Structure formats: C-alpha cells, structure tokens
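Secondary and tertiary structure notes
What follows is the residue order along each chain.
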Amino acid sequence: MSRRILVVEGQEDNRQIIHDMLTGTDYEITEAEDGEQALKTLAKQRPDLILMGIQLPIIDGYEVTRRIKANPNLNHIPIIAVTSYALSGDEAKARAAGCDAYIAKPYDTKRLLAMIRELLPDELAPPS
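Thresholds, definitions, all that
Residues numbered from 1 in each chain as written. Predicted model: local features only at pLDDT ≥ 70, side-chain atom pairs only at ≥ 80, totals over all residues. Heavy atoms only, no water. pLDDT = per-residue confidence, 0-100. Contact = heavy atoms within 4.5 Å. Helix = DSSP H or I, 4+ residues; strand = E, 2+ residues; numbered from the N terminus. Pairing = 2+ DSSP bridges. Axes fitted to C-alpha atoms, helices over the stretch in contact; angles between N-to-C directions. Buried < 20%, exposed > 50% of the residue type's maximum accessible area, 1.4 Å probe, protein only. Right-handed = clockwise from strand over helix to strand, strands pointing away. Salt bridge = Lys/Arg side-chain N within 4 Å of Asp/Glu carboxyl O.

A short note on the confidence of the model for the protein chain
Residues of the protein chain with pLDDT of at least 70 account for 91%, and the chain-wide mean is 89. Note on residues 124-128: pLDDT is under 50 here. Beyond four places in sequence and across chains, it has zero contacts.

Details of the environment of Ile-59
Mapping Ile-59 onto the fold places it in the loop between β3 (49-52) and α3 (61-70). Once the C-alpha coordinates of Ile-59 and Ala-38 are considered, the two residues, 21 residues apart in sequence, prove to be 9.4 Å apart. Once residues within four sequence positions are removed from consideration, Ile-59 is found in contact with Gly-35, Glu-36, Leu-39, Val-64 and Arg-67.

Looking at the sheet that holds β3
Pairing in this open sheet of five strands is parallel, and the strands run β2-β1-β3-β4-β5 from one edge to the other. Since the sheet does not close on itself, it has two edges, and those belong to β2 (28-32) and β5 (101-104), each with one partner. Taking each pair of neighbouring strands and ignoring which way they run, the sheet shows an average axis angle of 20°. Relative to β2, strand β1 (residues 4-8) runs parallel, the two being bridged by five bridges. From the neighbouring strand, Arg-4 faces β2, where its bridge partner is Glu-28.

Details of the pairing of β1
For β1, the buried fraction is high: four of the five residues fall into the buried class. Running through helix α1 (residues 12-22), the crossover from β1 to the neighbouring parallel element β2 is right-handed. Across four bridges, the pairing between β1 and β3 is parallel. Of the residues in β3, the one forming a bridge with Leu-6 is Ile-50.

Section: the pairing of β3
Side chains of β3 alternate between two faces, with Leu-49 and Leu-51 and Ile-50 and Met-52 buried alike. Sheet analysis places β3 next to strand β4 (residues 79-83), joined by three bridges and oriented parallel. Bridge pairing in β4 links Met-52 to Ala-81. For the handedness criterion, the β-α-β arrangement of β3, α3 and β4 is classed as right-handed.

A word on the pattern of salt bridges
Evaluation of the coordinates by the stated rule reveals eight salt bridges. The partner of Arg-67 in a salt bridge is Glu-63, with the nearest N and O atoms 3.0 Å apart. Separated by four residues within a single helix, Arg-67 and Glu-63 lie in helix α3, roughly one turn from each other. By relative accessible area, which is 40% here, Arg-67 ends up partly exposed. For Glu-63, a relative accessible area of 27% puts it in the partly exposed group. Salt bridges here are not isolated pairs; linked through shared partners, they connect Arg-15, Glu-31 and Glu-33.

What follows is the structure in structure tokens.
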C-alpha cells in the first residue's frame, strides 16, 4: 500500500518540482494550492505526511500547521515546512507552529527525499 503525501504549495511551478521529484516513488500525491484547500482536503482524506509551504494564499502555512496540530484526529501527521523563508529564526518559527522538519528553498531534492523517508519509514513487511 502506498503512502500518501499532501503537497501544500501556492506556486504551481514548485508543486510541479515536488511532483516530478516524487514520480517514480511509491508515494501517492495529493496537492493543495492554498491553506483553505489543504484543510478541506484533510477533512476528506488523511495523508501520511504533509509538505507544507509557508507563503500560501488565504491561510498561511503556519496557521494551517497550528490547526492540524490542534486537531486530535490530525496531529499525528508529520509536517515538513518547505519554504523560501531561510533567515535566522525561520526554522524555529516553523517548528513552533508544529512542523516536524524544515527545509529551505532552493533545496536539494535528495535531502528532501531523505527527510520524507525518515518521517515515513517503510512499513514492516508481513511475516512470511
């Protein structure tokens, strides 16, 4: 069974980069282009991990993350902040909102994939 990743990113070209990076992996990708759409998506389906942009239309990524982490039905989902905010203190701000990991743009795709795999370890194979 494939693991599901919700990609929340306001810029279409950035969503495409992530989509291309995850093509060929066993991850099922769902996309949201703003914070409101992300919350509506989460009301319908539960991803195994969220890649969260911070500069989003309607509701920013910090607020979406806080709402997810405040919801007992969702707060177990790991969230990686994927953002162009790379100044001193930005990672701490993302983690304070509830993000489990942080990567600044432009990012190394191998590093982001490694972060995803670390937060979504392979499920144990059934006993033979």
